[in-house]
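What follows is the residue order along each chain.
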Amino acid sequence: MESKRQENKIIRFENIRNNRNRKAKVMDKKRRKTPTRIIAITSGKGGVGKTNIVANLGYALSKTGNKVLIFDADLGLGNIDILLGITPQYNLSHVINGEKSISDIIVKGPANLNILPASSGIQEMTGLSLDQRLEMLKDLDSVIDKYDILLIDTAAGISSNVLHFNTSANEIMVVVTPEPTSITDAYALMKILSLKYDEKDFKLIVNSAVTMDEAGDVFRQLNMVTNRFLDISIEYFGAILLDDNVKKSVKQQKLVSELAPVCTASRSFAVLAKKISTLPPQVKTNWDRQMDWAQMHMHRAD
Ligand SMILES: Nc1ncnc2c1ncn2[C@@H]1O[C@H](COP(=O)(O)OP(=O)(O)OP(=O)(O)O)[C@@H](O)[C@H]1O
Ligand SMILES: [Mg+2]
């Protein structure tokens, strides 16, 4: 479990964030012609469809000419490789133990997708220290300029890994299904991200609703409660309806967008991907903040 000390370190970092002069200097150094769009796909409850959404959005975005990197940030139980039917030789556990660097382990998926695979069944990966996570993000930062979009597939829940990877992104997309438990857990996740990490903007993707009306109701329900109790804003980003083709394609270890490109779910993925590539990216400098923090922290640790 992450210690109180590490939490305090993050809080101290929040103060650094307010140092505008320093931030401006870091931004100058890191300014990119077209900044990579960093999107975390996350959820409070498990099994709501994050990995399928990341993989299919990544595929649809790649097909339309974007250079996409998928970061499987479900570090202990990564399974994006299973979903894509690929068997990477190395994964992030090899990066953590120093055997490989991030660029060594990136593998190709369908439609030229780039995948950063996680390990499965290595318990230590679920409880990385802050230093280990920052070291990994620093390594990732050195390759990120090559990509238009980085999609982060987080684990479910409110572990330190999940919270950290969410705060590293420019945009946080929360996946929720119509189940009350999923809605409650999405609320809890946004509450923690807002109160402890000052994240105020979220995009909502409703998955596995039976109708678009039901999906809209899920958004309204969540929005009503958050408006009442939290100082955050939730944008309804879109919905993917319950579609048997998703289950079928998972069994075949193929993407539904590849296997059944005109089914309901695949059409929704294409719509969401288009929305991502046409909307202006959310301007937020979290990635730079994280990297700045990483550098400072590492320096202090030397
Ligand atoms: N739109 C959908 N229609 C039908 N079934 C779906 C849909 N989306 C997801 N599923 C089913 O839900 C299962 C879980 O999906 P997925 O693995 O993407 O969830 P997850 O949120 O990544 O889970 P975890 O929290 O364990 O990482 C899929 O294997 C699939 O069977
Ligand atoms: Mg998953």
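Computed from a predicted structure; not experimentally measured.

(A) Inspection of the overall build of the protein at higher detail. Scanning the protein from terminus to terminus reveals 14 helices and 8 strands. At a minimum sequence separation of 6, the contacts of the protein that also span at least 24 residues come to 79%.

(B) Representation of the site of ligand 1 within the structure. In the vicinity of ligand 1, 19 residues are found, and the nearest of them are G46, G49, K50, T51 and N52. Elements with a contribution of two residues or more to the shell around ligand 1: α3 (50-63), β7 (201-209) and α11 (244-251). Its residues placed into classes, the shell around ligand 1 shows 7 nonpolar, 8 polar and 4 charged.

(C) Expanded view of the pairing of β7. Burial runs high along β7: 8 of the 9 residues are buried. Two strands pair when backbone bridges link them, and strand β6 (residues 171-176) and β7 are joined in this way by 4 bridges, in the parallel orientation. Note on β7: the bridge partner recorded for V176 is V206. After leaving β6, the chain enters helix α9 (residues 180-197) and then returns to the sheet as β7, a path that is right-handed. Of the strand pairs in this sheet, β7 and strand β8 (residues 233-241) are connected by 8 bridges, and their pairing is parallel. Counted as the bridge partner of A209 is L241 from β8. Read from β7 through helix α10 (residues 212-229) to β8, the crossover connection turns out right-handed.

(D) View of the nonpolar core. If you look at the biggest cluster of nonpolar residues, it comprises 76 residues, and the most contacted ones within it are L57, I70, L151, I152, V174 and V176. If you tally residues by element for this core, the top one is α3, at 7 residues. With sequence-adjacent residues up to four places away left out, I70 is seen in contact with V54, G58, I80, L113, N114, I115, L116, L151 and D153.

(E) Highlighting the packing of α3 against helix α13 (residues 264-278). The interhelical angle for the contact between α3 and α13, taken along N-to-C directions, is 65 degrees, at an axis separation of 9 Å. Read as a crossing pair, α3 and α13 show a hand that is right-handed. Facing N56, L57, A60 and L61 of α3, the residues of α13 in contact are F269, A270, L272, A273, I276 and S277. Looking at side-chain class alone, the contact of α3 with α13 contains 8 nonpolar, 2 polar and no charged residues.

(F) Up close: the environment of T36. On the secondary structure map, T36 appears in the loop between α2 (20-30) and β1 (37-43). Here the alpha-carbon distance between T36 and L150, two residues 114 residues apart in the chain, equals 6.9 Å.

(G) Quick peek at the sheet that holds strand β5 (residues 149-156). The strand order across the open sheet formed by 8 strands is β3-β4-β2-β5-β1-β6-β7-β8, and the pairing between neighbours is mixed. If you trace the sheet from one side to the other, it starts and ends with β3 (107-108) and β8, each paired once. As paired strands, strand β2 (residues 68-73) and β5 are joined by 6 bridges and run parallel to one another. Within the sheet, the bridge partner assigned to D72 lies in β5 and is D153.

(H) Structural view of α9. Taking 1.5 Å per residue as the helical rise, α9 with its 18 residues ought to reach 26 Å, and the 25 Å between its terminal C-alpha atoms agrees with that figure. S182, I183, D185, A186, L189, M190 and L193 are the residues of α9 that are buried. Elements that come into contact with the buried residues of α9 comprise β1, α8 (160-168), β6, β7 and α10. Just downstream of α9, D198 is the residue with a positive phi angle, here 60 degrees.

(I) Looking closely at the packing of α9 against α10. Where α9 meets α10, the axes come as close as 11 Å, and the angle between the chain directions of the two elements is 40 degrees. Regarding the angle of α9 to α10, the classification is oblique. Note on packing geometry: the crossing formed by α9 with α10 is right-handed. Contact residues: I183, A186, Y187 and M190 in α9; V218, Q221, L222, V225 and T226 in α10. In the contact of α9 with α10, the residues fall into 7 nonpolar, 2 polar and no charged.

(J) Local environment of the environment of S249. Residue placement: S249 occurs in helix α11. Along the sequence, S249 and L259 sit 10 residues apart, while their C-alpha atoms lie 6.8 Å from each other. Not counting the four nearest positions on each side in its chain, S249 is found in contact with K254, L255, V256, L259 and A260.

(K) Examining unusual backbone geometry more closely. Even without being a glycine, N112 presents a positive backbone phi close to 70 degrees. Positive phi outside glycine occurs at Q253, with the angle close to 55 degrees. On the secondary structure map, Q253 appears in the loop between α11 and α12 (256-259). Q253 gets classed as exposed once you count the C-beta atoms within 10 Å, which come to 12.

The rules behind the values
Residues numbered from 1 in each chain as written. Chains lettered and ligands numbered in written order. Predicted model: local features only at pLDDT ≥ 70, side-chain atom pairs only at ≥ 80, totals over all residues. Helix = DSSP H or I, 4+ residues; strand = E, 2+ residues; numbered from the N terminus. Contact = placed C-beta atoms within 7 Å. Near = placed C-beta within 6 Å. Nonpolar A, V, L, I, M, F, W, Y, C, P; charged D, E, K, R; others polar. Buried ≥ 20, exposed ≤ 12 C-beta atoms within 10 Å, placed from the backbone. Pairing = 2+ DSSP bridges. Right-handed = clockwise from strand over helix to strand, strands pointing away. Core = buried A, V, L, I, M, F, W, Y, C linked by C-beta atoms within 7 Å. Axes fitted to C-alpha atoms, helices over the stretch in contact; angles between N-to-C directions. Left-handed = near helix turned anticlockwise from the far one by under 90°. Expected span 1.5 Å × (residues − 1). Parallel < 35°, antiparallel > 145°, perpendicular 65-115°, else oblique.

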